[in-house]
Each structure stands twice: as C-alpha cells, then as structure tokens.
4 protein chains.
Amino acid sequence: MKYRLGCQLDYSLASVSTFIFNICAVENESQTIIEENLQIEPQLEYEEYVTPFINNRYLRLTVPEGKLKISYQATVDLTFTKENPHEITEVPPSNLPLETLYYLYPSRYCQSDRLMQLAQDEFGNLEPGYSRVQAICDWIYNKVTYLSGSTDSHTSAYDIAVERVGVCRDFAHLGIAFCRALNIPARFVAVYANQLQPPDFHACFEAYLENRWYLFDATRLAPREGFVKIGTGKDAADVSFATVFGNVQMDNMKVDIEQVAEELRQPATGADAKRKSESLVYVPDENF
Amino acid sequence: MKYRLGCQLDYSLASVSTFIFNICAVENESQTIIEENLQIEPQLEYEEYVTPFINNRYLRLTVPEGKLKISYQATVDLTFTKENPHEITEVPPSNLPLETLYYLYPSRYCQSDRLMQLAQDEFGNLEPGYSRVQAICDWIYNKVTYLSGSTDSHTSAYDIAVERVGVCRDFAHLGIAFCRALNIPARFVAVYANQLQPPDFHACFEAYLENRWYLFDATRLAPREGFVKIGTGKDAADVSFATVFGNVQMDNMKVDIEQVAEELRQPATGADAKRKSESLVYVPDENF
Amino acid sequence: MKYRLGCQLDYSLASVSTFIFNICAVENESQTIIEENLQIEPQLEYEEYVTPFINNRYLRLTVPEGKLKISYQATVDLTFTKENPHEITEVPPSNLPLETLYYLYPSRYCQSDRLMQLAQDEFGNLEPGYSRVQAICDWIYNKVTYLSGSTDSHTSAYDIAVERVGVCRDFAHLGIAFCRALNIPARFVAVYANQLQPPDFHACFEAYLENRWYLFDATRLAPREGFVKIGTGKDAADVSFATVFGNVQMDNMKVDIEQVAEELRQPATGADAKRKSESLVYVPDENF
Amino acid sequence: MKYRLGCQLDYSLASVSTFIFNICAVENESQTIIEENLQIEPQLEYEEYVTPFINNRYLRLTVPEGKLKISYQATVDLTFTKENPHEITEVPPSNLPLETLYYLYPSRYCQSDRLMQLAQDEFGNLEPGYSRVQAICDWIYNKVTYLSGSTDSHTSAYDIAVERVGVCRDFAHLGIAFCRALNIPARFVAVYANQLQPPDFHACFEAYLENRWYLFDATRLAPREGFVKIGTGKDAADVSFATVFGNVQMDNMKVDIEQVAEELRQPATGADAKRKSESLVYVPDENF
C-alpha cells in the first residue's frame, strides 16, 4: 500500500546550532521509497548517516543564526503479510538470535530490571507467545490514560507503571519494559502513522517473536498497517525526530500522511513471506 | 606489555538455565591475544557472538540443573601510546563522527538529560578538552565515597549525583552522564585491571576526544595502563560479566591478572600512533 | 487480655552519642500499663517526652563512648471491642473531624499524591467503608511479596507499588498511601505483636472510619488483637524505635511478647464501646 | 510594622466540593491581627480549626456546584527583634527541646535521609550556628535557578538537589532538607510577603537555633521583615493554601499586601526580646 507522507519543521536560531534529524522513512524489505524529496532553507550542506542493520537515517546539519525550515516528503510503498497470531511463539533466551539479546537489556526509559516482579504478577501466568504481548498492550490500553501534556521527556516506564497516564512514547516504553522483563526482546519504533489524529510523529514498539520482529501499539490510535517506520532503537533516547545543540526554538511543526488511492495489492500469506528479521510484519489489527 | 589474566566462575543451578558471559578479552589494535583457553564443566557446546565494531565477545550456553564451572585464561599483549593531554580537544556536535552520536544519548544508568544543569554548573566554565574530562574524574573522586555494598544493580548516575557513595560502576556511570551532558560522547568499559585490590572485574569509561576514544577512571584504584578491555557499551546494562536466565546461585568467583615479566617495550609516541578509533589509547596516569 | 512484653537493645558507641527511643507501650483507653520497668546500663539520666493526643513516649539519653544496654519490660492490659465491619463507613472530607485532616496529606514514605490514579483504578469502584480498606490490605497481601532484607530505610510506598516486595513497614506505607489517595485518613503504627515470628517490632496502620481509628495489617503475620501500640505517626519517619546521633553500632536486639495466662475477659460488644478516637478498636481478624 | 493583606480566590465547581483553606494570618506573639474580614460567596457556613501550638488556621467549607469566591483581608501588626547572627548557635540533639525533634525527621518533600552525604560535603565543615544556615541559603540561591513553571506539586528536595531549578517552595524544601540532614530542626512556612513581585503566596522556612525558630528564605525575592505567617508545617504538604476535594477549577487568584504608612516603631533589641519559641524572630536581612 502506498502512502504519501512528510513533515515540515520550522525553527528560530539565536545562535549557530547543530541539528540531528531522524525524519526520513527507512528503506527495507517491507518499505520501498518510490520517491522522496528533502528541502532545507537556507540551502545548506548536510550529512546523512545510515545505521547498519536497522537502517535508521540521520541527517546532520549545522545552521547559522536565523531561521531554518526543513521539509521532507516521500512516497513509500508498504508491503506486509497477514499471519495467524496463534502460531507465533516466544523464543527462550537459549535460542534467541544472538544479535537480539541487546534488546533484552534495560535502557534509559525502560527500566525492565525494576519491573520484573510486576511483569511476572500480571503476565507471568499467561501462555507465552504473540497473545501475551497483545495482553501487555491490552493491559496498558486499559490501565493507562492517554493524556497530551501529562508527561515530558524525562518520564520513563517506571513512572507510567505507577502513575498510569502518558502519551504514545510512554505507552511504548512500558510495553517494551514489560516485554524485556519477560525475556522478550523489544525495541522502540518511531513512525508516520496513517489516520492518526491529530497528525504527528507516533511511537510504538516491536517485540521479537518466532523468528522476526512484530509491530505492536498499545495506544490503538491508528491501525498498524499504516505505520511507516522512521527509526528503531532501545527507546526514545535513540530516535528523537530532532536533537538540537544550540539556542533554538521550534516555531512550527507539521506532519502528514495519506494513503495514495490505488488498486489494493493482496497481502502475501504466511508461506510466501520468508522475510529477513528486519522486515515489517503485520498481524491483523483486531481493534480496527 | 603482556598480562596473564582470567577468571573462574562457579554456579549451582536449581533448574536448566541459560548464561550469557562477557568475560573474554577483546581483540583489537591495542589488545592482541597471544593465547587463550576456555574450560567449561560440564563439557557443553556454546555459542560465541562478536559485536561488530566494538568487538565485545559474548558466550552463550544452556546448562542443565547441577553445577557449572567456567574458567577463562588468556595472555594479552597491550600496546599503547603516550600523548600530551593538553593537545587533546573536544569535538563539537557539528563535527563528531556520526557513529559516535549514539554515545551522546542517555541510557539506563546514565540519565544525562537530567544532569544537564549540574554538569553546566560544575564544568561548564572549564576549558573544553581532555582536562575537562579529567576534571570530571577528579570531582567524582573527591566527592563520591567508594564503599563496597553501598549500591546495587538498580543504582544509577542520578542517585550517585545526590547520594555521593558507590562502587566502580557507579563512578563510571556518573562520569559518562556528565560527559554526555556536556556533549562529549562517552561509553562504559568493563576491564581486567592489573593491580586492583581485591582482584575483581573493574568498570571505567571512555570519552571521545580529538579523534579517538580515551580511557578514564574516576576511582584511581589501579593504573589505566593495566586495563585489559572485556566489553564496551552504553552502560553496565550492556556488558554484564554474566547474565543469567534461570534459578541460579553463584558459589564462587575468582578474577586474576598479573603482568608477565619481560623486557618493557617502549611506548610509541604520538606521531607513530595513527590508530583507528577503537584502539586503546592511553594518556599517562598522573595518579600513579 | 494481658501481655508481658519488652525489648533489650545493646549498642557499642565509638563516640558520645544521643539516642531517642520509642519502645515503651502507649498508655490510653485500650492499653493499661499494669507495671513496667526500664533499665539502662550504664546508669544515666534520661528525659521522657509524651506527645499530646497520640501519647507516643520518647526517651532521650546522651551516652558516653563505650557500651549501652537498654531493657524495657511491661505488663499491659489490652481491651477491645468486637464490631461488625459491615456497619463501619467512610467519612467524606466534608465531615471528617478537623484534627484528622493532617493524616490525609502525603508524607516521606507515603506519596499518596503520586498514587491517586492507581488507587482509583484498583479501589475506586469498591463500596466505601471498612471493607474497602480491607480490600486494600488484601491487594497488598496478594501482590506484594514479604521478603526480609529486600528494602531499606529509604524505601517508600511508590517503590513498593511498582516493585512489589518489602517488609512490614513497606506494607504499612502502601496501605497508608492508598487510603490517603482515597481521602481516608491513615497513619503508621509501631507495635509489639504477639505471636509474630521471629519476634520483632512490627509495623501496621490505622485508618479513620466511622468515628474512630481502626487498626489494619496487610502482612497477616500476627493477629491484630495481640498488637500493643508503641507509637503512631504520619509514617515510619516519626516512630523509629531508635534514632541515633553519633557513631554507634547495634550489637544485639531482642524483642519479646507473650500472653499472660488468665481467665479471658469477654470483649465488650458494640453498644458498650463508646470510645474516644484514640482507643484501639478491633474488628475480628478473619485471617486467624 | 503594620500590613494590610489579603487574597481573593475564585472557583468554578462542577460538583459539590469540600475546600480546606489555609489563607488567614496566624495570631501569635509577633503577629497581632488588628482587624480581619472573610467573605464567602455564596454565603455558607464554614468551620475554623486552629492547630495547637503552631496556630495554623484552617477553614473548611462544603460548596454546591456553581461558583465560589472567597475573600480575606486583614490588617496585621508585625513586631520583631534585631539580633546579632554571630551569637546564634546550633543546639545539639542532646539538648534540643523535645518538641522540636519532630522537625528533624524527613517528610514528603524533604528527604533529608537521602541528602546526608551531600549536606556533610557542602556544609559539614562550616562553623555551626546561624551562619551555617545562612550558608545553606546562599548555596541554594547561587546554585538553583528560580524559574516559574519549572516544577510541580510532586517535586521534592531530592530532585532540586540534582536538577537545580525550581520555585519558592522548592527552595524552601531544599533548605529544610539540608538543615535536617545536619540535625537542625527545620520547618516550612507559608507567608504573605510584602514587596514580592508578582504578588503571590510565598514559601520559606524556619530553623531552630539557640532557643527559638528563625526565619530564612533562600530566594531573596522579598525582605523577611515583611513576611506575615499563614501556616507552618513539616513541608508544603501540610500548609497548602487550598486543598480541594471535588471537581473544581480555579478561575482567578489575587494576593496582595502592602505596608500601612505609620510612624516606624523601633525594633526591640536583644535584651528585651524574651520570646516564646513560636515568636517570629528576625535577623536583619543583609540582602536588602
């Protein structure tokens, strides 16, 4: 399915400043970039860095005092499979691919080491597998209130576990922390989300099950089939849409995404979908 | 300089358990492994995983109920350069190698985002460069009491900044957090430390300055020239000497390291030392 | 019912030190001190301070370097009523006696302000009254693991709400925090507890319901009818059995309490029990 | 010196709600209420509760859905002494009046137990006495940035010690926590503050020295001689100007205070000022 998406970010700079942006769609097996366009005013050179394996694309630019406007647009083709959640198992630590072990350990906003007991209490008796991670999402959806402005950039999973209010990044952090506490590798995913209202960058997470990464979202704010991946990391610390070094104020931010009308391609079914572990794989969203 | 080093870890397992060990010396330009030996009782297969770029070596083994004894010995040759600290500058975010940016962001035990103001207060007016990172180490050495058993595996830099007591991993975490708060990439390093009393795994950190990673240790418990690197990560979460999945108790742990008597090789001086960024580079330790 | 109780505390002092002890049984309408005896070695003068209204008895003594042994024994007669829990209602803030409002506000170990949402989620839909506070105790008993040594003197209700492991003071703090979050005045109570194994000072709490304070204990380690009150406060910060100013080490601590064999007095029933609000009132413990 | 002061608070109530106000000037030896007036719209009955010893005045009223406007005005005469700070000593725990010990222990926003080491590091070597508490205030003034909106009602001294930014209540909490960590009884004081811009309720603290409570303010936002006491407590948890039970929104708040022009009475000097411990005693403010 094709999506036209993009963002525009406007800043006022009181001093020369350096920006690291993570706003471009990732290119991988399930995301193909048909076309894309980046415009920067004033015209400046910039560097692009693509991290190995997860293909996050970072742009760095150093901008003189004054104004900065950066616009990104792309047309992205998402392909996905439909799978039967009941056949998707957890993988014990003895068998996890060694490169996924990194995503088992706690991180700045996901203190899974401190949530072991709570995770065991709430989910320890559930059948391991996709359904258990879904249960984690349901728990968070039911118990945590989504409230804009209720948290900030210091809020972490530990806080949300007690205080029960947050925004999408907090829902993702708690999902990740619970998964890791149950020995399920989990990681943070920043996306453009089709149908998200109001339009904004969105945060969700992936858990490693069976033999690949599966996308989850405890907020239920938009269907996962319309998530175009921007960046993946241990948590929000790694994939901020903009990291700023300097005396800068954001004047305006616009994010948009819409489906491009076309003949719907039929999703491939399980047997056709031998994907490498970095693919976006999609299990039908029961909530939409 | 050559070191003979190793460890022995003994466990009792009440159930089949999986272990991830990070106990082998890293192999890189400044560390050459002359010989090494790994013994596991009972005899078991194990997997080894070497992370790209930083060359951490992880061993995974799944062990039946009963006993486990793992012994590692190695002879390692460390080479290093002597440099003049006054010539070693900080690199602004506009010029940092893009792959180091990852080490600017906060992590589980290094909440650099929350220590910005304190870092600015204490170090913001100092001349940027090697000496500023040394000042961070001096501050920590002078203000934080080293006390075994005073902290645990949940303790983080934020706690140490207020409570002022900890062990080597806490000293490292606070050093890393302060560096990152000043836009200096910093990372955690687990080492075998020659002359450390009592012998134990040791933690310190590296900061990225000039054009490479430099080793720092705020504890002053042993000279840095005798540090043999085991693992590098965002913080302690990434390089635990043993991560255990199962019902396991440690019965005994022994770590040792000694210098192998030989004719001392003269350290190369600056001009000879074109090293890649993963090299161990050493600035003479004024405290020994 | 009569109880013989007491404690002995032995200290080594490296310097002249001041102690504040809170180890004497309270004297009030439901606790009558038949006899008591305090011995201090070396023989020293001490001051006793009884706080108005709640009748906590504090002993202060300043002791020279050397040894200190303090022994307290008392025979105390506890009287209590049996009441029907179903008739015991909560009192809305509009009607609470004004002097109880103080016990609605958060304190050092009871961050009720941060547990509002969690308390509403778990208990907000329950019928207000004695049964709701009992439900709080049941929740804590079922979800928090009692484990000696798992916490320390800095641990607070907020930590227990997430980490789900603690000792009697932690169980009490969480019970108090949940009550206050639901606008039920609650306070910490230190007691001698008959049948507690191993023998030790014990912590529980009181909640203000109907027209008096009722005793609750989420640990179920001993029956409440055998609790002899030592001190009452906002939380543990107010009623430590020993507060020490100086370089002191505790060498030994012994606590004991036993029922004195006698003809059992029949407890007064509801209509006879017009008690002032400081009385110990007892609702039969269903767990024993 | 005479002050005319008062406040007006306007609320919209979506449901019947109970309010506890702490807005009336305290009456004690240094504060005489010449006249006062309380107006409530709609006209309602209310209860007043005066806490023993510290004379906090709490008003409770239950208000139907709709609007509430409460206005308080008073003319208050403040008397004070001038004392020589160099003669004002600290009192060791062995000699403190027993009723002040309560103010040595940690509270919700003043985790003095966790700030022991930091307090010792920064102030442990200073000469005990008034000057040491002044040094605490100077440290806070110099190191903590005053910034409206930077904190909230959950912020505590522990946070401020690290994050170094807050408002008047945070400055007070940190001052109290440091004092208690040094065994100086300290307590929170809510006041009307003459010359405070913009006009607002103000928070500061008292420390027990020599033989009475002395007023301190680390913010330097207004001279202490113009502080009219409203309430005293362990910390802000005890003396909120308004505690609300119900679905209520504040529409407007106005606070004012001005000096009433009159012939200045000369302050009594030391020898005349045998005051009970609840008196406001004032040491000349060097910062104004």
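About the criteria used
Residues numbered from 1 in each chain as written. Chains lettered and ligands numbered in written order. Predicted model: local features only at pLDDT ≥ 70, side-chain atom pairs only at ≥ 80, totals over all residues. Heavy atoms only, no water. Helix = DSSP H or I, 4+ residues; strand = E, 2+ residues; numbered from the N terminus. Rg over C-alpha atoms; globule rule 2.2 N^0.38 Å. Buried < 20%, exposed > 50% of the residue type's maximum accessible area, 1.4 Å probe, protein only. Contact = heavy atoms within 4.5 Å. Areas by Shrake-Rupley, 256 points an atom, 1.4 Å probe, with all protein chains shown as cover. Lys, Arg positive; Asp, Glu negative; His and termini not counted. Charge placed at Lys NZ, Arg CZ, Asp CG, Glu CD. Pairing = 2+ DSSP bridges. Axes fitted to C-alpha atoms, helices over the stretch in contact; angles between N-to-C directions. Least-squares fit on C-alpha atoms with pLDDT ≥ 70 in both. Buried area = accessible area lost by both parts, 1.4 Å probe. Salt bridge = Lys/Arg side-chain N within 4 Å of Asp/Glu carboxyl O. Polar contact = N/O pair within 3.5 Å; in protein donor to acceptor, adjacent residues only side chain to side chain. UniProt positions renumbered as here; feature names shortened; annotations may be inferred. Domains from an automatic or database assignment. Nonpolar A, V, L, I, M, F, W, Y, C, P; charged D, E, K, R; others polar. Phe/Tyr/Trp six-rings, centres within 6.5 Å; stacked < 30°, edge-to-face > 60°.

An unreviewed UniProt entry lists chain A under the name Transglutaminase domain-containing protein, from Stanieria cyanosphaera.

Trainee: Help me understand the overall build of chain A in this model?
Mentor: Helix and strand content of chain A: four helices and 16 strands. Computed over C-alpha atoms, the radius of gyration of chain A comes to 19 Å, within 12% of the 19 Å expected from 2.2 N^0.38 for 288 residues, which places it in the range of a compact globule. Projected onto the principal axes, the alpha-carbon positions of chain A cover approximately 55 × 45 × 35 Å. Counting all 288 residues of chain A, 59% fall into the buried class. Considering only contacts in chain A between residues 6 or more positions apart, those separated by 24 or more positions represent 78%. Total accessible area computed for chain A in this model is approximately 11,600 Å², and 47% of it derives from carbon and sulfur atoms. Side-chain charges of chain A comprise 25 positive and 40 negative groups, with the mean position of each set lying 1 Å from the other.

Trainee: Would you mind showing me how to read the sheet that holds strand β6 (residues 66-78) of chain B here?
Mentor: Hydrogen bonds between backbone atoms are what pair the strands of a sheet, whose relative direction is either parallel or antiparallel. All names here are of chain B. In spatial order, the strands read β3-β6-β1-β15; together these four strands make up an open sheet with antiparallel pairing. What marks the edges here is a single partner per strand, and that holds for β3 (31-41) and β15 (248-259). Between one strand axis and the next, the sheet turns by 10° as a mean value, whatever way the strands run. Of the strand pairs in this sheet, strand β1 (residues 2-13) and β6 are connected by twelve bridges, and their pairing is antiparallel. Within β6, the position partnered with Ser12 by the bridge is Lys67.

Trainee: In this structure, what is going on with the relation of the copies chain D and chain B? I would like to understand it.
Mentor: The operation relating the two chain copies consists of a rotation about an axis and a shift along that axis. Screw-axis analysis of chain D against chain B gives a translation of 0.0 Å along the axis, an RMSD of 0.0 Å, and a rotation angle of 179°. The superposition of one copy onto the other is thereby described by a two-fold rotation axis. No C-alpha of chain D approaches the rotation axis more nearly than that of Val162(D), which lies at 3.1 Å. By residue overlap, the copies meet face to face through one surface: 100% of the interface positions of chain D are interface positions in chain B.

Trainee: Please explain the pairing of strand β11 (residues 201-209) of chain C as it appears in this structure.
Mentor: Walk down a regular strand and you will see the side chains alternate between the two sheet faces. All names here are of chain C. The element β11 is largely enclosed, with a buried count of nine among its nine residues. Sheet analysis places strand β10 (residues 186-193) next to β11, joined by seven bridges and oriented antiparallel. Counterpart to Tyr192 in the pairing with β11 is Phe201. Two strands pair when backbone bridges link them, and β11 and strand β12 (residues 212-216) are joined in this way by five bridges, in the antiparallel orientation.

Trainee: Would you mind showing me how to read the interface of chain D and chain B here?
Mentor: Frequently, the measure chosen for interface size is the accessible area removed from exposure when the parts meet. Contacts between the two partners involve 14 residues from chain D, matched on the other side by 14 residues from chain B. For the pair chain D and chain B, the summed buried surface comes to about 1,300 Å²; carbon and sulfur atoms form 43% of the total. Across the contact surface, chain D and chain B share seven salt bridges. Between Lys143(B) and Glu122(D) there is a salt bridge; the shortest N-O distance is 3.4 Å. Inspection of the region where chain D meets chain B yields eight residue pairs in polar contact (both at pLDDT 80 or more). For the side of chain D that touches chain B, the secondary structure elements donating two or more residues are α1 (116-123) and α3 (157-163) of chain D. A per-element tally of the side of chain D that touches chain B places α3(D) first, with five residues.

Trainee: Any chance you could explain the UniProt feature "domain: Transglutaminase-like" (unreviewed entry) in chain A here in plain terms?
Mentor: The sites that carry the UniProt feature "domain: Transglutaminase-like" (unreviewed entry) are, in the present numbering, residues 160-220 of chain A. Measuring from the first to the last C-alpha atom of residues 160-220 of chain A gives 17 Å, for a span that is 30% helix and 39% strand.

Trainee: Mind showing me how you'd approach the sheet that holds strand β11 (residues 201-209) of chain A here?
Mentor: All names here are of chain A. If you walk across this open sheet you meet the four strands as β12-β11-β10-β13, and the pairing is antiparallel. At either end of the open sheet lies a strand with only one pairing partner, and these are β12 (212-216) and β13 (227-233). Shown here is a sheet whose adjacent strand axes are inclined to one another by a mean of 40°, direction ignored. Taken together, the six bridges between strand β10 (residues 186-193) and β13 define a ladder with antiparallel strand orientation. Bridging from a neighbouring strand, Ala193 pairs with Phe227 of β13. Against the sheet, helix α4 (residues 168-181) engages β10 and β11, with an angle of about 10° to β11.

Trainee: Even after reading the chapter, I still don't get the pattern of salt bridges, so can you show me in this structure?
Mentor: Any two side chains of opposite charge can pair, on the condition that their charged atoms come close. Residues and elements named next belong to chain A. Under the defined criterion, the tally for this structure stands at 67 salt bridges over all chains. A salt bridge links Lys254 to Asp256; the shortest N-O distance between them is 3.7 Å. By relative accessible area, Asp256 is classed as partly exposed at 36%.

Trainee: I would appreciate a short explanation of the arrangement of the chains in the present structure.
Mentor: Taking C-alpha atoms only, the smallest gap left between chain B and chain C, which are not in contact, amounts to 12 Å. In this structure chain A stays clear of chain D, and the shortest span between their C-alpha atoms is 12 Å.

Trainee: I tried to follow the domain arrangement of chain A on my own but got confused; where do I start?
Mentor: Residues and elements named next belong to chain A. According to the domain assignment, chain A consists of domain 1 (2-79 + 243-259) and domain 2 (84-239). Relative placement of domain 1 and domain 2: their C-alpha centres are 25 Å apart. Contact residues are listed per partner, giving 23 residues for domain 1 and 18 residues for domain 2. In total, domain 1 and domain 2 occlude about 1,600 Å² of area from one another, counting both sides; carbon and sulfur atoms represent 58% of this. Linking domain 1 with domain 2 are zero salt bridges, by the criterion used here. Inspection of the domain 1/domain 2 interface yields six residue pairs in polar contact (both at pLDDT 80 or more). Elements supplying a minimum of two residues to the side of domain 1 that touches domain 2: β1 (2-13), β6 (66-78) and β15 (248-259). Ranked by the residues each element gives to the side of domain 1 that touches domain 2, the list is headed by β15, at six residues.

Trainee: I keep staring at the interface of chain A and chain B and nothing clicks. Help me out?
Mentor: Contacts between chain A and chain B engage 35 residues on the former and 35 residues on the latter. Roughly 2,900 Å² is buried in total at the junction of chain A and chain B, and carbon and sulfur atoms are behind 61% of that figure. At the boundary of chain A with chain B, the tally comes to four salt bridges. Here Lys234(B) and Asp238(A) are joined by a salt bridge, their closest N and O atoms 3.7 Å apart. Taken together, chain A and chain B are joined by eleven residue pairs in polar contact (both at pLDDT 80 or more). Those elements giving two or more residues to the side of chain A that touches chain B turn out to be β2 (17-21), β4 (47-50), β5 (57-63) and β14 (242-245) of chain A. Taken together, the residues of the side of chain A that touches chain B sort by class into 16 nonpolar, ten polar and nine charged.

Trainee: Help me out: how do you make sense of the packing of aromatic side chains in this one?
Mentor: Both the distance between ring centres and the angle between the ring planes are used here to describe each pair of aromatic rings. The tally for this structure, following the rule as stated, stands at 66 aromatic pairs over all chains. When the ring of Phe19(C) is compared with that of Phe21(C), the centres are 5.4 Å apart and the planes differ by 10°; the resulting orientation is stacked. No difference in accessibility class separates Phe19(C) from Phe21(C), as the two residues are buried. For the pair Tyr192(D) and Phe201(D), a centre-to-centre distance of 5.6 Å together with 55° between the ring planes defines the contact as tilted.

Trainee: What am I meant to see in the environment of Val165(D) here?
Mentor: Residue and element names in this part refer to chain D. Its location among the elements puts Val165 in strand β9 (residues 165-166). Between the alpha carbons of Val165 and Ile140 there is a distance of 9.8 Å; along the sequence they are 25 residues apart. Apart from residues lying up to four places away in sequence, Val165 is in contact with Val144, Thr145, Leu147, Ser150, Thr151 and Ile160.

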